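Chain by chain, the residues run as shown.
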2 protein chains.
Amino acid sequence: MTLPPEFALIARHFRPLAGHGALDLSDDAALLDVPPGRQLVLAADAMVEGVHYLPDDPPETIGRKLLRVNLSDLAAMGAAPLGYLMTTVLARGTPDDWIAGFAQGLAEDQRDFGLTVLGGDTAATPGPTCLSLTILGTVQPGAVLRRGGARPGDDVWVSGTIGDGALGLRVLRGELPDDAAGHLAHRYRLPQPRLALGQGIARLARAGMDVSDGLVQDLGHLCRAAGCGAEIEAAAVPLSSAAQKLLGANLALLPTVLGGGDDYELLFAAAPEAQGPLREAASRADVPITRIGRMVSGPPAVSVTGADGQAINLARGGWSHF
Amino acid sequence: MTLPPEFALIARHFRPLAGHGALDLSDDAALLDVPPGRQLVLAADAMVEGVHYLPDDPPETIGRKLLRVNLSDLAAMGAAPLGYLMTTVLARGTPDDWIAGFAQGLAEDQRDFGLTVLGGDTAATPGPTCLSLTILGTVQPGAVLRRGGARPGDDVWVSGTIGDGALGLRVLRGELPDDAAGHLAHRYRLPQPRLALGQGIARLARAGMDVSDGLVQDLGHLCRAAGCGAEIEAAAVPLSSAAQKLLGANLALLPTVLGGGDDYELLFAAAPEAQGPLREAASRADVPITRIGRMVSGPPAVSVTGADGQAINLARGGWSHF
């Protein structure tokens, strides 16, 4: 009795990724003990070929990005990783080598981030490959970081640098010149979930989230959740040297940097007196954090101020002074 | 500041499905307390338009089927539903009406099965719609039903009737005549997860799973997990009257019935002395169960015996006597 190719594929590529609770991917479901005294944190993100990643991205980085964008949601809640389930709906004719590379990338990140696969499903589609991952993490009750809770007067902070992912996508599309080190493309393909930082700041910040859809839009979410506004200074937003170089040559890239998405940095609001402890937490997590503005009274809107102190109008879909 | 259509879609259609732990689908992740003293059971299944459902299936039944095939995995483990996460990657141009119907179907089944959505993701694809759902359930430690553990001499049982889903698909494709009541198409579109039965038999059966890929193939999984074989009698396999009628007119449909999949019934092995308690559990769950054969010593293979007592050969990909 021979099994359909689906089972051989799972046995060859995905079973080696299975860990505690996965029942060797041979049962109908996984069986998991949640550590006592911890709350479960759960998120799911999908990635579609040609939409969330480029068809010629290396399969290793596609697997790792799928895991990392989900880990970033755990980071945003201050949670620690526990495990994941994954459904891979593969474009018909996907070569076995591609699946091997995809699984290899997952294996590397499983080791780096300390989690294993619990279960999932594999199928084929006549359309583009469609990947979906559900991540499980845990948090100590009371130590969870939520989106709501920011107050007027709070500082607004971000981790790392902003805009690299969005610029990296444009580099990979041939729309922008590559930087020598390939830093921007690397940041697009391999976001860095800020797990240690998220856990470190969870009790210090009043509100937080990860930046996945663009800094300004995501800060708008924090504003709506808090019922107040936010002001940020464009010049204060931390940029990598590669992004600085591109932006120095072409200021019209500002919308890409501040609105382009794919950052997977943490964005959070905290009382001014939390500054010291926040900087200590960031130092322990070895991730730079930068104060870029503050929460203000008023309607839930984000205003961005240019280097000249004048507001930059986002409403026209681009960057232009009033 | 206007939000992208994705957020409006989630707010309009999916937020009403959110319950405890979902944080109103407004945070980066869900936050869940697992009931004390329970183990978590987790599974994920994907459904692709044109592969797992027909493009012209009603969106209400597509949503319900997505939930039910996952609930069936919980049933197979003897678990009770807790919640789910879902990613909907919709074909570009999917009408709002379709999404409303899809969500309406989910809402109905959420009420019927006692669970709510915890989180997920929504995106668009140039290909066919690709749906993925991760289900969470809980089980009392020690009361979980696993695939391994069957022994030679155990009875092999199934719940409900077999073959309706596979025949229903062929009816919907116009390959077979419709039954007057539309029973077969209904069974294809709306499988019935056997949750109460699964929980009732978990401590009585030695091994169990749900039948999703076809009775014979899935029984092969039980065999491999147990390291023994199984013999079933074709005439003992329970059929609906609609299936009986089609099969009576055309015996060549036997492979569709026994190998076609989409049954979502429970298949389990139990010691002969468990027969009485199993029948009581089935009666309490109000689901018929039928003994169709037994586990036997030998290699992990399934043999099917015809009404004439002779073995039916599956190896040729169809049904033919040796």
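Residue numbers restart at each chain and count upward from 1, following the sequence in its written direction. The naming scheme follows written order: chains are lettered A onward, ligands numbered 1 onward. Given that the model is predicted, a residue must reach a pLDDT of at least 70 before its local features are reported, and side-chain atom pairs must reach 80 or more before they are shown or counted; all residues, however, enter totals for whole chains, interfaces and linings. Hydrogens and water are ignored here; the side-chain numbers use all heavy atoms of the structure.

A. The overall build of chain A, seen in detail. Think of it this way: any DSSP run of H or I at least four residues long counts as a helix, any run of E at least two long counts as a strand, and we number them from the N terminus. Scanning chain A from N- to C-terminus turns up 10 helices and 13 strands. Here the globule rule is a power law, 2.2 Å times the number of residues to the power 0.38, and the radius of gyration is based on C-alpha atoms. Since a compact globule built from 322 residues should have a radius of gyration of about 20 Å, the 21 Å found for chain A is in line with a globular shape. Taken along its principal axes, the extent of the C-alpha atoms in chain A is 75 × 50 × 30 Å. Relative accessibility decides the category of a residue: with a 1.4 Å probe and only protein chains considered, values under 20% of the type maximum give buried, values over 50% give exposed, and everything between is partly exposed. By the burial criterion, 59% of the 322 residues in chain A qualify as buried. Contacts between residues were defined by any pair of non-hydrogen atoms, one from each residue, lying within 4.5 Å. Residue pairs at least 24 apart in sequence account for 83% of intrachain contacts in chain A once pairs closer than 6 positions are excluded. Residue burial considers only the protein chains on display, and all accessible areas are found by Shrake-Rupley using a 1.4 Å probe. Carbon and sulfur atoms make up 50% of the accessible area of chain A, which totals about 12,100 Å².

B. Highlighting the relation of the copies chain B and chain A. If you rotate chain B by 180° and push it 0.0 Å along the axis, it lands on chain A with an RMSD of 0.0 Å. Both chain copies can therefore be described as sitting about a two-fold axis. Minimal C-alpha separation from the rotation axis in chain B is found for B:Gly127, amounting to 2.1 Å. Both copies contact each other with a shared surface, as 100% of the interface residues of chain B are interface residues in chain A too. Superposition of the copies used a least-squares fit over C-alpha atoms from residues whose pLDDT is at least 70 in both.

C. Structural context of the packing of helix H2 (residues 59-77) of chain B against helix H3 (residues 96-113) of chain B. All names here are of chain B. Interaxial angles span 0 to 180 degrees and are taken between N-to-C directions of axes, which are lines fitted to C-alpha atoms, for helices over the stretch in contact. Closest axis-to-axis distance for the H2/H3 pair is 6 Å, and the angle between their directions is 40°. It follows from the interaxial angle that H2 and H3 lie oblique. Relative to H3, H2 is oriented so that their crossing is right-handed. Of the residues in H3, those in contact with Pro59, Glu60, Ile62, Gly63, Arg64, Leu66, Leu67, Arg68 and Leu71 of H2 are Trp98, Gly101, Phe102, Gly105, Leu106, Glu108, Asp109, Gln110, Asp112 and Phe113. Residue classes follow a fixed rule: Ala, Val, Leu, Ile, Met, Phe, Trp, Tyr, Cys and Pro count as nonpolar, while Asp, Glu, Lys and Arg count as charged, and any other residue, Gly among them, counts as polar. A per-class count over the contact of H2 with H3 returns 9 nonpolar, 4 polar and 6 charged. If an angle is under 35 degrees, it is roughly parallel; if it is over 145, roughly antiparallel; if it lies from 65 to 115, roughly perpendicular; otherwise it is oblique. Handedness of a crossing is defined here by the sense of rotation of the near helix relative to the far one, left-handed for an anticlockwise turn of less than a right angle and right-handed for a clockwise turn.

D. Structural view of the packing of aromatic side chains. Residue and element names in this part refer to chain A. Classification of ring pairs uses Phe, Tyr and Trp, with its six-membered ring standing for Trp, and accepts pairs whose centres are within 6.5 Å; under 30 degrees between planes counts as stacked, over 60 as edge-to-face, and the remaining range as tilted. Applying the stated criterion across every chain yields a total of 6 aromatic pairs over all chains. With centroids separated by 6.3 Å and ring planes inclined at 5°, the aromatic side chains of tryptophan 157 and phenylalanine 268 adopt a geometry described as stacked. With tryptophan 157 in strand E6 (residues 155-159) and phenylalanine 268 in strand E9 (residues 265-270), this residue pair connects regions lying 111 residues apart in the sequence. Residue tryptophan 157 is classed as buried on the basis of its relative accessible area, which comes to 0%. The buried category is assigned to phenylalanine 268, whose relative accessible area is 0%.

E. Examining the UniProt feature "domain: PurM-like C-terminal" (unreviewed entry) in chain A more closely. UniProt positions are given in the numbering used here, feature names are shortened, and annotations may be inferred rather than shown by experiment. Under the feature "domain: PurM-like C-terminal" (unreviewed entry), the UniProt entry names residues 151-299 of chain A. As annotated, residues 151-299 of chain A comprises 41% helix and 19% strand, and the C-alpha atoms at either end are separated by 12 Å.

F. Here's a closer look at the UniProt feature "binding site: ATP" (unreviewed entry) in chain A. The UniProt entry lists A:Gly120, A:Asp121, A:Arg147 and A:Ser212 under the feature "binding site: ATP" (unreviewed entry), expressed in the numbering used here. For this annotated set, covering 93 residues, the C-alpha atoms extend up to 31.5 Å from each other, a dispersed arrangement in space. Tracing the sequence through the fold places A:Asp121 in strand E4 (residues 117-125). For A:Asp121, a relative accessible area of 13% corresponds to the buried category. The contact partners of A:Asp121, leaving out residues within four places of it in the chain, are A:Glu6, A:Met86, A:Thr87, A:Thr88, B:Ala44, B:Asp45 and B:Ala46. Structurally, A:Arg147 is set in the loop between strand E5 (130-139) and E6. Beyond its immediate sequence surroundings of up to four residues, A:Arg147 is in contact with A:Ala207, A:Gly208, A:Met209, A:His221, A:Leu222, A:Ala225, B:Ser26, B:Asp27 and B:Asp28. Within 3.5 Å is the distance limit for a polar contact, defined as a pair of N or O atoms, with the added protein rule that one can donate a hydrogen and the other accept it, and that residues adjacent in sequence qualify only through two side-chain atoms. From its side chain, A:Arg147 meets the backbone oxygen of B:Ser26 in a polar contact 3.3 Å long.

G. Molecular detail of the side chain of A:Arg187. Residues and elements named next belong to chain A. One can find arginine 187 in helix H5 (residues 183-189). Here arginine 187 falls in the buried class, since its relative accessible area comes to 11%. A distance of 3.0 Å separates the side chain of arginine 187 from the side chain of aspartate 164, its partner in a polar contact. Contacts of arginine 187, omitting those with residues within four sequence positions, involve Thr161, Asp164, Gly165, Arg194, Asp263 and Glu265.

H. Focus on the interface of chain B and chain A. Contact with chain B, which involves 61 residues of that partner, is made by 61 residues of chain A. Both faces combined, the contact of chain B with chain A buries some 4,800 Å², and carbon together with sulfur accounts for 61% of it. Only one rule defines a salt bridge in this text: a Lys or Arg side-chain nitrogen within 4 Å of an Asp or Glu carboxyl oxygen. At the surface where chain B touches chain A, the tally comes to 4 salt bridges. Where chain B packs against chain A, one counts 20 residue pairs in polar contact (both at pLDDT 80 or more). Among the elements of the structure, strand E1 (30-32), strand E2 (39-48), H2, strand E3 (80-91), strand E4 (117-125), strand E5 (130-139), strand E7 (207-211) and helix H7 (215-226) of chain B are those that each provide at least two residues to the side of chain B that touches chain A. The element best represented in the side of chain B that touches chain A is E2(B), accounting for 9 residues. Buried area is understood as the total, over both parts, of accessible area removed when two parts are fitted together, assessed with a 1.4 Å probe.

I. Quick peek at the sheet that holds E5(A). Spatially, the 5 strands line up as an open sheet ordered E4(A)-E3(A)-E5(A)-E2(A)-E1(B), and their pairing is mixed. On the outer flanks of this sheet lie E4 of chain A together with E1 of chain B, each paired with one strand and no other. When strand polarity is set aside, the average angle formed by the axes of neighbouring strands in this sheet is 15°. Pairing between strand E2 (residues 39-48) of chain A and E1(B): 3 bridges, direction antiparallel. When the bridges of E1(B) are listed, A:Leu42 appears paired with B:Ala30. Its contacts with the sheet put helix H1 (residues 5-14) of chain A on strand E3 (80-91) and E4 of chain A, and the angle it makes with E4(A) is roughly 135°. In the packing of helix H3 (residues 96-113) of chain A onto the sheet, the strands contacted are E3, E4 and E5 of chain A, and the crossing angle to E3(A) comes to about 175°. By definition, two strands form a pair when at least two bridges between them are found by DSSP.

J. Representation of the sheet that holds E2(B) within the structure. Spatial ordering of the open sheet is given by E1(A)-E2(B)-E5(B)-E3(B)-E4(B), a layout of 5 strands whose pairing is mixed. The open sheet has two free edges, formed respectively by strand E1 (30-32) of chain A together with E4 of chain B, since each of these has just one partner strand. Shown here is a sheet whose adjacent strand axes are inclined to one another by a mean of 15°, direction ignored. Direction of pairing for E3(B) relative to E4(B): parallel, over a ladder of 8 bridges. If you follow B:Thr88 over to E4(B), its bridge partner there is B:Thr122. The sheet strands contacting helix H1 (residues 5-14) of chain B are E3 and E4 of chain B, and the helix crosses E4(B) at an angle near 135°.

K. Just the pattern of salt bridges, in detail. All names here are of chain A. According to the stated counting rule, one finds 30 salt bridges over all chains in the structure shown. For arginine 64, the salt bridge goes to glutamate 108, with nearest N and O atoms at 3.4 Å. With arginine 64 in helix H2 (residues 59-77) and glutamate 108 in helix H3, the pair connects residues that are 44 residues apart, well separated along the chain. With its nearest N and O atoms 3.0 Å apart, the salt bridge here joins arginine 187 to aspartate 164. Note that arginine 187 is positioned in helix H5 and aspartate 164 in helix H4 (residues 164-172), a separation of 23 residues in sequence. Here the two residues arginine 187 and aspartate 164 agree in accessibility, since each one is buried.

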